[in-house]
Amino acid sequence: MHSTLTTIPTPESTTVATATQISSDLLREVMGHFATGIAVITAYEGRDPVGLTCQTVVSVSLEPPLVAFCPAKTSTSWPRLRRGGNVCINVLADKQGDLCRQFARSGVDKFAGVDHRPARNGAPLIDSALAHVEATVQSEHDAGDHTIVVCRVTGLSANATGGPLLFYRGAFENLHDPSRRSARDTTAYRAQDVPEEDS
């Protein structure tokens, strides 16, 4: 059965589209109104620490404790993390925009200048992150141009102070600093500053 999105009368400023008219740019624009946190997923490939930036991290189940994240199929880092088996989801704090960009790049030493140590499951734990979720990869599911990775949580920790790094409408945002809300139009926080490779 062919289906389309139901549209209703809306103000002129509102974008509406049928399923057959939805482009990737439009989907990105509309979903950009859903603010997300940002995490760096880390693991060891042999003795080498590897990591990638990821916006799509969700809590899936409390019993058993499961989380999921969605790396892009174009990511060159995810295949390396997968081989490690155990990962650490490092939830970034509001001052870690540069760290987010660093782990989104390819062909560089992502851990250069980053203080980290082994978590209890052996994956790299970034000391300055807001929270840490240690987990073991349990399953993978195909999802278009991304992969849904479901992991079983094995350890948790969080910093009692500080706020999260947020991504909203293509820019970094800060819950505790309203002046940063205007950063959407500045060079320092443009969405294009965060490469797609591992995001």
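Residues numbered from 1 in each chain as written. Predicted model: local features only at pLDDT ≥ 70, side-chain atom pairs only at ≥ 80, totals over all residues. Heavy atoms only, no water.

Relative to strand β6 (residues 86–91), strand β2 (residues 39–45) runs antiparallel, the two sharing 4 bridges. Looking across to β6, one finds that Val-40 is bridged to Asn-90. Bridge count between β6 and strand β9 (residues 131–143): 6 bridges; the pairing is antiparallel. Bridged to Val-91 within β9 is Ala-131. (Pairing = 2+ DSSP bridges. Helix = DSSP H or I, 4+ residues; strand = E, 2+ residues; numbered from the N terminus.)

So, about the environment of Leu-175. Structurally, the position occupied by Leu-175 is in the segment after β12 (171–174). Overall, the relative accessible area of 47% leaves Leu-175 in the partly exposed class. Considering only alpha carbons, one finds Leu-175 and Pro-164, 11 residues apart in sequence, at a separation of 7.3 Å. (Buried < 20%, exposed > 50% of the residue type's maximum accessible area, 1.4 Å probe, protein only.)

In the structure shown here, the tally under the stated rule is 2 aromatic pairs. With centroids separated by 5.5 Å and ring planes inclined at 85°, the aromatic side chains of Phe-69 and Trp-78 adopt a geometry described as edge-to-face. Phe-69 sits in the buried class, given a relative accessible area of 0%. In this structure Trp-78 comes out as buried when scored by relative accessible area, which is 3%. Ring geometry for Phe-103 and Phe-111: centres 5.0 Å apart, planes at 85°, overall edge-to-face. The pair Phe-103 / Phe-111 is uniform in exposure class, with both members buried. (Phe/Tyr/Trp six-rings, centres within 6.5 Å; stacked < 30°, edge-to-face > 60°.)

So, on to the sheet that holds strand β3 (residues 48–54). Sheet architecture is open: 7 strands sit in the order β3-β2-β6-β9-β10-β5-β4, paired in antiparallel fashion. In this open sheet, the two edge strands, each paired with only one partner strand, are β3 and β4 (57–61). Strand after strand, the sheet turns through a mean of 35° between neighbouring axes, direction not considered. As paired elements, β4 and strand β5 (residues 66–69) share 4 bridges and run antiparallel to each other. Following the sheet pairing, Val-58 is matched in β5 by Ala-68. Most of the contacts of helix α3 (residues 97–104) go to β3, to which it runs at about 115°, and overall it touches β2 and β3. (Axes fitted to C-alpha atoms, helices over the stretch in contact; angles between N-to-C directions. Contact = heavy atoms within 4.5 Å.)

A few words now on the pairing of β2. Counting buried residues along β2, 5 of its 7 residues qualify, which places the element largely inside the surrounding structure. A loop of 2 residues connects β2 with β3, the two strands running antiparallel in sequence, and Gly-46 in this loop sits at a positive phi of about 65°.

Take the environment of Ala-131 next. As for its placement among the helices and strands, Ala-131 is situated in strand β9. The class for Ala-131 is buried, based on a relative accessible area of 17%. C-alpha separation for the pair Ala-131 and Ala-158, spaced 27 residues apart in sequence, amounts to 4.0 Å. Among residues more than four places away in sequence, those in contact with Ala-131 are Ile-89, Asn-90, Val-91, Ser-157 and Ala-158.

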